[in-house]
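Here are the chains, one letter per residue:
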Amino acid sequence: MSKRPHRKRRGEDHGEEHPDERWMASYMDMVTVLMCMFIVLYAMSSVDQQKFEQLRASLATGFGVVETATVDTAEGTVVAAENVNAEGESFTGGAALADATPEAQQDDGAVAAPTPSPAPSAGGAAVTAAPTPSPAPSAGGDEAEPTTERERAMAEVENLRALQERIDAGLRERDLETAVRYVIDERGLTIRLVGSETFFLPDSAQLTEQTQRVLESVGPVLATIPNEVGVEGHTARLPDSVPRPLDWELSTQRAVNVVRHLIDTGGVPAPRLVAIGYGESRPLAPGATEAELELNRRVDIVVHSDEPESVRALIPGITGGT
(Lines give C-alpha, C1' and ligand atoms only; values in the text may rest on other atoms or scores of the structure.)
Protein backbone atom coordinates (compact mmCIF):
# COMPACT_ATOMS: atom_id res chain seq x y z
CA MET A 1 0.00 0.00 0.00
CA SER A 2 1.29 3.39 -0.96
CA LYS A 3 1.35 6.10 1.64
CA ARG A 4 -0.84 9.08 1.05
CA PRO A 5 0.58 12.54 1.46
CA HIS A 6 -0.11 14.02 4.83
CA ARG A 7 -2.59 16.78 4.66
CA LYS A 8 -2.37 19.65 7.02
CA ARG A 9 -5.31 20.20 9.09
CA ARG A 10 -7.28 23.38 8.77
CA GLY A 11 -5.98 26.02 11.18
CA GLU A 12 -2.48 24.54 11.55
CA ASP A 13 -0.79 26.96 9.03
CA HIS A 14 0.79 29.61 11.36
CA GLY A 15 3.49 30.95 8.94
CA GLU A 16 7.29 31.12 9.61
CA GLU A 17 8.30 31.32 13.22
CA HIS A 18 11.10 33.82 14.33
CA PRO A 19 12.97 34.16 17.63
CA ASP A 20 12.15 37.05 19.95
CA GLU A 21 13.98 40.24 18.67
CA ARG A 22 12.82 42.75 21.27
CA TRP A 23 16.36 42.96 22.64
CA MET A 24 17.48 44.81 19.52
CA ALA A 25 15.48 47.90 20.47
CA SER A 26 17.34 48.18 23.78
CA TYR A 27 20.70 47.60 22.04
CA MET A 28 20.09 50.35 19.48
CA ASP A 29 19.08 52.75 22.26
CA MET A 30 22.32 51.96 24.11
CA VAL A 31 24.45 52.46 20.97
CA THR A 32 22.71 55.79 20.30
CA VAL A 33 23.41 57.00 23.82
CA LEU A 34 27.08 55.96 23.55
CA MET A 35 27.43 57.82 20.26
CA CYS A 36 25.95 60.97 21.78
CA MET A 37 28.28 60.67 24.75
CA PHE A 38 31.38 60.44 22.52
CA ILE A 39 30.19 63.39 20.44
CA VAL A 40 29.84 65.47 23.61
CA LEU A 41 33.31 64.38 24.80
CA TYR A 42 34.85 65.34 21.46
CA ALA A 43 33.15 68.73 21.54
CA MET A 44 34.44 69.36 25.07
CA SER A 45 38.00 68.41 24.12
CA SER A 46 38.18 71.12 21.42
CA VAL A 47 37.39 74.08 23.71
CA ASP A 48 39.48 77.21 23.01
CA GLN A 49 41.60 77.36 26.14
CA GLN A 50 42.31 81.08 25.81
CA LYS A 51 38.63 82.00 25.49
CA PHE A 52 37.76 79.63 28.35
CA GLU A 53 40.32 81.28 30.64
CA GLN A 54 39.03 84.73 29.67
CA LEU A 55 35.47 83.67 30.44
CA ARG A 56 36.48 82.11 33.76
CA ALA A 57 38.46 85.18 34.85
CA SER A 58 35.68 87.51 33.76
CA LEU A 59 32.99 85.59 35.66
CA ALA A 60 35.17 85.23 38.75
CA THR A 61 35.97 88.95 38.75
CA GLY A 62 32.39 90.02 38.05
CA PHE A 63 30.82 87.90 40.76
CA GLY A 64 33.60 88.56 43.24
CA VAL A 65 34.17 84.87 43.83
CA VAL A 66 37.94 85.17 43.92
CA GLU A 67 40.36 88.05 44.18
CA THR A 68 42.49 88.56 41.11
CA ALA A 69 45.11 91.14 40.18
CA THR A 70 44.13 91.02 36.51
CA VAL A 71 41.66 93.38 34.87
CA ASP A 72 38.39 92.13 33.44
CA THR A 73 39.02 90.96 29.89
CA ALA A 74 35.77 92.32 28.55
CA GLU A 75 36.21 95.00 25.88
CA GLY A 76 35.51 98.59 26.89
CA THR A 77 36.89 101.21 29.24
CA VAL A 78 36.99 100.70 32.99
CA VAL A 79 36.22 103.94 34.81
CA ALA A 80 36.31 104.51 38.53
CA ALA A 81 32.96 105.44 40.06
CA GLU A 82 34.16 108.86 41.24
CA ASN A 83 35.06 109.81 37.66
CA VAL A 84 31.50 109.36 36.30
CA ASN A 85 29.09 112.33 36.26
CA ALA A 86 25.47 112.29 37.38
CA GLU A 87 24.23 111.01 34.03
CA GLY A 88 26.91 108.34 33.94
CA GLU A 89 27.89 109.33 30.40
CA SER A 90 31.37 110.82 30.62
CA PHE A 91 34.33 111.42 32.86
CA THR A 92 34.31 114.03 35.55
CA GLY A 93 35.08 117.40 34.02
CA GLY A 94 33.46 116.46 30.69
CA ALA A 95 36.59 114.98 29.09
CA ALA A 96 35.45 112.37 26.59
CA LEU A 97 37.31 109.17 25.98
CA ALA A 98 37.91 110.13 22.35
CA ASP A 99 39.87 113.20 23.50
CA ALA A 100 42.27 111.19 25.62
CA THR A 101 45.84 111.33 24.41
CA PRO A 102 47.64 108.10 23.49
CA GLU A 103 50.19 108.77 26.24
CA ALA A 104 47.41 108.50 28.85
CA GLN A 105 46.47 104.99 27.78
CA GLN A 106 48.38 102.26 29.56
CA ASP A 107 49.89 99.24 27.86
CA ASP A 108 48.40 95.77 28.22
CA GLY A 109 44.99 97.03 29.22
CA ALA A 110 46.12 98.59 32.53
CA VAL A 111 43.79 101.20 34.05
CA ALA A 112 45.38 104.62 34.46
CA ALA A 113 44.86 106.40 37.75
CA PRO A 114 42.85 109.64 37.45
CA THR A 115 44.91 112.79 37.19
CA PRO A 116 44.10 115.12 40.09
CA SER A 117 42.74 118.50 39.19
CA PRO A 118 45.12 121.43 39.71
CA ALA A 119 44.72 123.01 43.13
CA PRO A 120 43.89 126.75 43.17
CA SER A 121 46.53 129.09 44.49
CA ALA A 122 46.03 131.84 47.03
CA GLY A 123 45.12 134.30 44.28
CA GLY A 124 42.52 132.00 42.80
CA ALA A 125 44.52 130.94 39.70
CA ALA A 126 45.04 127.30 39.08
CA VAL A 127 48.61 126.22 39.65
CA THR A 128 49.88 123.67 37.15
CA ALA A 129 53.12 121.79 37.61
CA ALA A 130 55.73 122.68 35.05
CA PRO A 131 56.76 119.75 32.84
CA THR A 132 59.94 118.06 33.90
CA PRO A 133 62.62 118.89 31.31
CA SER A 134 64.58 116.06 29.75
CA PRO A 135 68.07 115.75 31.20
CA ALA A 136 70.52 117.53 28.94
CA PRO A 137 73.81 115.79 28.21
CA SER A 138 76.67 117.16 30.19
CA ALA A 139 79.60 118.86 28.53
CA GLY A 140 81.87 115.94 29.25
CA GLY A 141 79.20 113.25 28.91
CA ASP A 142 78.82 110.44 26.45
CA GLU A 143 78.98 111.45 22.84
CA ALA A 144 76.50 110.29 20.25
CA GLU A 145 77.26 106.97 18.64
CA PRO A 146 78.73 107.32 15.12
CA THR A 147 76.15 106.50 12.48
CA THR A 148 77.80 106.86 9.08
CA GLU A 149 80.74 104.81 7.86
CA ARG A 150 82.99 107.86 7.76
CA GLU A 151 82.13 108.74 11.36
CA ARG A 152 82.94 105.20 12.39
CA ALA A 153 86.23 105.35 10.50
CA MET A 154 87.14 108.63 12.22
CA ALA A 155 86.29 107.15 15.61
CA GLU A 156 88.44 104.10 14.83
CA VAL A 157 91.38 106.34 13.87
CA GLU A 158 91.05 108.16 17.20
CA ASN A 159 91.07 104.83 19.05
CA LEU A 160 94.16 103.66 17.19
CA ARG A 161 95.97 106.94 17.84
CA ALA A 162 95.11 106.69 21.52
CA LEU A 163 96.56 103.16 21.57
CA GLN A 164 99.70 104.45 19.80
CA GLU A 165 100.09 107.17 22.42
CA ARG A 166 99.84 104.62 25.24
CA ILE A 167 102.54 102.47 23.66
CA ASP A 168 104.74 105.47 22.93
CA ALA A 169 104.42 106.72 26.51
CA GLY A 170 105.72 103.39 27.83
CA LEU A 171 108.63 103.45 25.39
CA ARG A 172 109.55 107.00 26.39
CA GLU A 173 109.93 105.88 29.99
CA ARG A 174 112.60 103.42 28.77
CA ASP A 175 114.17 105.89 26.31
CA LEU A 176 113.06 103.68 23.41
CA GLU A 177 110.68 106.05 21.63
CA THR A 178 112.90 106.09 18.52
CA ALA A 179 113.17 102.31 18.32
CA VAL A 180 109.81 101.75 16.63
CA ARG A 181 107.72 103.27 13.87
CA TYR A 182 103.95 103.47 13.60
CA VAL A 183 101.62 103.17 10.62
CA ILE A 184 97.83 103.54 10.73
CA ASP A 185 96.12 102.16 7.64
CA GLU A 186 93.15 100.05 6.61
CA ARG A 187 94.52 97.07 8.58
CA GLY A 188 94.84 98.93 11.86
CA LEU A 189 97.90 100.06 13.83
CA THR A 190 101.27 98.64 12.79
CA ILE A 191 104.12 98.77 15.31
CA ARG A 192 107.25 98.29 13.24
CA LEU A 193 110.44 97.00 14.83
CA VAL A 194 113.09 98.15 12.37
CA GLY A 195 116.67 99.18 12.26
CA SER A 196 120.40 98.87 12.45
CA GLU A 197 120.67 95.33 13.70
CA THR A 198 119.15 96.31 17.04
CA PHE A 199 116.25 93.85 16.80
CA PHE A 200 117.65 90.96 14.77
CA LEU A 201 121.14 90.09 13.72
CA PRO A 202 121.73 89.11 10.08
CA ASP A 203 120.43 85.59 9.31
CA SER A 204 119.37 85.13 12.95
CA ALA A 205 115.97 84.83 14.63
CA GLN A 206 117.25 85.37 18.16
CA LEU A 207 115.79 88.39 19.95
CA THR A 208 118.37 90.99 20.93
CA GLU A 209 118.35 92.69 24.33
CA GLN A 210 116.79 95.83 22.87
CA THR A 211 114.05 93.77 21.21
CA GLN A 212 113.14 92.25 24.55
CA ARG A 213 113.02 95.68 26.22
CA VAL A 214 110.67 96.99 23.52
CA LEU A 215 108.40 93.96 23.79
CA GLU A 216 108.33 94.23 27.59
CA SER A 217 106.90 97.74 27.13
CA VAL A 218 104.51 96.95 24.28
CA GLY A 219 103.17 93.61 25.58
CA PRO A 220 101.27 94.83 28.68
CA VAL A 221 99.46 97.45 26.58
CA LEU A 222 98.41 94.88 23.96
CA ALA A 223 97.13 92.61 26.74
CA THR A 224 94.47 95.20 27.67
CA ILE A 225 92.76 95.39 24.25
CA PRO A 226 90.41 92.83 22.61
CA ASN A 227 91.80 93.19 19.07
CA GLU A 228 93.54 90.39 17.22
CA VAL A 229 97.29 90.96 16.93
CA GLY A 230 99.32 89.65 14.00
CA VAL A 231 103.12 89.34 14.20
CA GLU A 232 104.66 89.42 10.73
CA GLY A 233 108.30 88.42 10.22
CA HIS A 234 110.41 89.75 7.31
CA THR A 235 113.94 89.17 6.09
CA ALA A 236 116.37 91.15 4.01
CA ARG A 237 117.60 89.83 0.70
CA LEU A 238 119.89 86.93 1.39
CA PRO A 239 122.93 85.99 -0.72
CA ASP A 240 122.28 83.74 -3.68
CA SER A 241 124.31 81.01 -2.03
CA VAL A 242 121.68 80.71 0.71
CA PRO A 243 118.78 78.34 -0.15
CA ARG A 244 115.51 80.17 -0.82
CA PRO A 245 113.39 78.27 1.78
CA LEU A 246 115.60 79.72 4.50
CA ASP A 247 113.92 83.11 3.91
CA TRP A 248 110.55 81.77 4.99
CA GLU A 249 111.95 79.76 7.88
CA LEU A 250 113.90 82.75 9.19
CA SER A 251 111.02 85.22 8.94
CA THR A 252 108.56 82.78 10.52
CA GLN A 253 110.95 81.97 13.36
CA ARG A 254 111.39 85.66 14.11
CA ALA A 255 107.62 86.11 14.29
CA VAL A 256 107.24 83.04 16.51
CA ASN A 257 109.92 84.28 18.92
CA VAL A 258 108.16 87.63 19.24
CA VAL A 259 104.79 85.92 19.84
CA ARG A 260 106.30 83.69 22.51
CA HIS A 261 107.79 86.71 24.29
CA LEU A 262 104.46 88.60 24.17
CA ILE A 263 102.71 85.63 25.73
CA ASP A 264 105.28 84.76 28.37
CA THR A 265 106.34 88.26 29.41
CA GLY A 266 103.63 90.62 28.17
CA GLY A 267 100.65 88.54 29.23
CA VAL A 268 98.90 88.76 25.86
CA PRO A 269 96.33 85.94 25.48
CA ALA A 270 97.63 83.35 23.02
CA PRO A 271 94.33 82.96 21.07
CA ARG A 272 94.59 86.61 19.95
CA LEU A 273 98.09 86.24 18.50
CA VAL A 274 99.06 85.06 15.01
CA ALA A 275 102.62 84.51 13.70
CA ILE A 276 103.23 84.97 9.95
CA GLY A 277 106.42 84.75 7.90
CA TYR A 278 106.73 86.63 4.60
CA GLY A 279 110.39 86.03 3.85
CA GLU A 280 111.76 88.76 1.59
CA SER A 281 108.52 89.10 -0.42
CA ARG A 282 107.42 92.40 1.19
CA PRO A 283 110.47 94.68 1.44
CA LEU A 284 110.23 98.31 2.49
CA ALA A 285 113.23 99.29 0.38
CA PRO A 286 114.97 97.82 -2.70
CA GLY A 287 117.84 96.52 -0.55
CA ALA A 288 120.63 98.02 -2.66
CA THR A 289 122.49 99.40 0.37
CA GLU A 290 123.22 98.14 3.84
CA ALA A 291 120.78 100.67 5.32
CA GLU A 292 117.99 99.37 3.08
CA LEU A 293 118.79 95.80 4.04
CA GLU A 294 118.50 96.74 7.72
CA LEU A 295 115.14 98.36 6.97
CA ASN A 296 113.82 95.16 5.42
CA ARG A 297 115.06 93.04 8.32
CA ARG A 298 112.11 93.63 10.63
CA VAL A 299 109.04 92.39 12.48
CA ASP A 300 105.67 94.15 12.23
CA ILE A 301 103.20 93.91 15.13
CA VAL A 302 99.80 94.66 13.59
CA VAL A 303 96.82 95.50 15.82
CA HIS A 304 93.97 94.61 13.48
CA SER A 305 90.92 96.86 13.38
CA ASP A 306 87.64 95.06 14.08
CA GLU A 307 85.58 97.42 11.92
CA PRO A 308 83.94 96.19 8.67
CA GLU A 309 85.96 96.36 5.46
CA SER A 310 83.87 99.25 4.11
CA VAL A 311 84.78 101.32 7.19
CA ARG A 312 88.45 100.34 7.22
CA ALA A 313 88.81 101.34 3.57
CA LEU A 314 88.20 104.98 4.61
CA ILE A 315 90.99 105.07 7.21
CA PRO A 316 93.91 105.87 4.83
CA GLY A 317 92.03 108.90 3.49
CA ILE A 318 91.52 110.19 7.04
CA THR A 319 95.07 109.61 8.25
CA GLY A 320 96.69 110.81 5.02
CA GLY A 321 98.88 107.69 4.94
CA THR A 322 100.42 108.32 8.36
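The paragraphs below set out a description of the structure included in this document. (Residues numbered from 1 in each chain as written. Predicted model: local features only at pLDDT ≥ 70, side-chain atom pairs only at ≥ 80, totals over all residues. Heavy atoms only, no water.)

What follows is about the overall build of the protein chain. Along the protein chain, the regular secondary structure elements total eight helices and five strands. Along the protein chain, helices (α) and strands (β) appear in the sequence α-α-α-β-β-α-β-α-β-α-β-α-α when read from the amino end. Within the protein chain, contacts between residues at least 6 apart in sequence are counted, and of these 67% link residues at least 24 apart. Of the roughly 22,900 Å² of accessible surface on the protein chain, a fraction of 55% belongs to carbon and sulfur atoms. (Helix = DSSP H or I, 4+ residues; strand = E, 2+ residues; numbered from the N terminus. Contact = heavy atoms within 4.5 Å. Areas by Shrake-Rupley, 256 points an atom, 1.4 Å probe, with all protein chains shown as cover.)

Here the focus is helix 4 (residues 209-222). Between its first and last C-alpha atoms helix 4 spans 20 Å; for 14 residues at 1.5 Å apiece the expected length is 20 Å, and the two agree. A bend of about 25° at E216 is the largest found in helix 4, and the proline P220 appears one to four places after it. (Expected span 1.5 Å × (residues − 1). Bend = angle between axes of the 7 residues up to and from the residue.)

Okay, the environment of H304 next. Residue placement: H304 occurs in strand 5 (residues 298-304). Note: C-alpha distance between H304 and P226 (78 residues apart in sequence) is 10.0 Å.

Another point: the pattern of salt bridges. Within the structure shown, the criterion is met by eight salt bridges. Its salt-bridge partner being E216, residue R174 comes within 3.7 Å of it at the nearest N-O pair. Within this pair, whereas R174 is found in the loop between helix 3 (149-173) and strand 1 (180-185), its partner E216 is found in helix 4, the two being separated by 42 residues in sequence. Under the relative-accessibility criterion, R174 is labelled partly exposed at 31%. The class of E216 is partly exposed, set by a relative accessible area of 31%. Residues D300 and R192 are paired through a salt bridge, measuring 3.0 Å at the closest nitrogen-oxygen approach. (Salt bridge = Lys/Arg side-chain N within 4 Å of Asp/Glu carboxyl O. Buried < 20%, exposed > 50% of the residue type's maximum accessible area, 1.4 Å probe, protein only.)

Take unusual backbone geometry next. Its identity as a non-glycine residue notwithstanding, D175 has a phi of 60°, on the positive side. By the secondary structure assignment, D175 is in the loop between helix 3 and strand 1. For D175, a relative accessible area of 63% puts it in the exposed group.

We now examine helix 3. At 3.6 residues per turn, the α-helix brings residues three or four places apart onto the same side. The first and last C-alpha atoms of helix 3 sit 37 Å apart over 25 residues, in line with the 36 Å expected at 1.5 Å per residue. Buried within helix 3 are the following residues: A153, E156, V157, L160, L163, I167, D168, G170 and L171. Immediately downstream of helix 3, the backbone of D175 shows phi near 60°, a positive value.

Moving on: the packing of helix 3 against helix 4. In the contact formed by helix 3 and helix 4, the axes pass within 9 Å of each other and the chain directions differ by 145°. Here the hand of the crossing between helix 3 and helix 4 comes out right-handed. For the pair helix 3 and helix 4, contact is made by L163, R166, I167, G170 and L171 and by V214, S217, V218, V221 and L222, respectively. When grouped by side-chain class, the residues that make up the contact of helix 3 with helix 4 number seven nonpolar, two polar and one charged. (Axes fitted to C-alpha atoms, helices over the stretch in contact; angles between N-to-C directions. Left-handed = near helix turned anticlockwise from the far one by under 90°. Nonpolar A, V, L, I, M, F, W, Y, C, P; charged D, E, K, R; others polar.)

A cluster of nonpolar residues, W23, M24, Y27, M28, M30, V31, L34, M37, F38, V40, L41 and M44, forms a patch on the protein surface that exposes about 1,200 Å² of accessible area. Among the structural elements, F38 can be located in helix 1 (residues 23-45). (Patch = residues over 30% accessible without salt bridge, like charges linked within 9 Å, V, L, I, M, F, W, Y side chains within 5 Å.)

Okay, the side chain of N257 next. Residue position: N257 is located in helix 5 (residues 245-264). Take N257: its relative accessible area is 15%, and that puts it in the buried class.

Moving on to the environment of L160. One can find L160 in helix 3. Residue classification places L160 among the buried residues on the basis of a relative accessible area of 4%. For the pair L160 and D185, spaced 25 residues apart in sequence, the C-alpha to C-alpha distance is 9.9 Å. With residues up to four places along the chain from it excluded, the contact list for L160 reads I184, G188 and L189.

The next point concerns the nonpolar core. In this structure, I167, L189, I191, V214, L222 and V258 are the most contacted members of the largest nonpolar core, which totals 36 residues. For this core, the secondary-structure elements that each account for two or more residues are helix 3, strand 1, strand 2 (188-194), helix 4, strand 3 (229-233), helix 5 and strand 5. If you tally residues by element for this core, the top one is helix 3, at six residues. Residues in contact with I191, not counting those within four places in the same chain, are I167, V180, R181, Y182, V218, L222, V299, D300 and I301. (Core = buried A, V, L, I, M, F, W, Y, C linked by side-chain atoms within 4.5 Å.)

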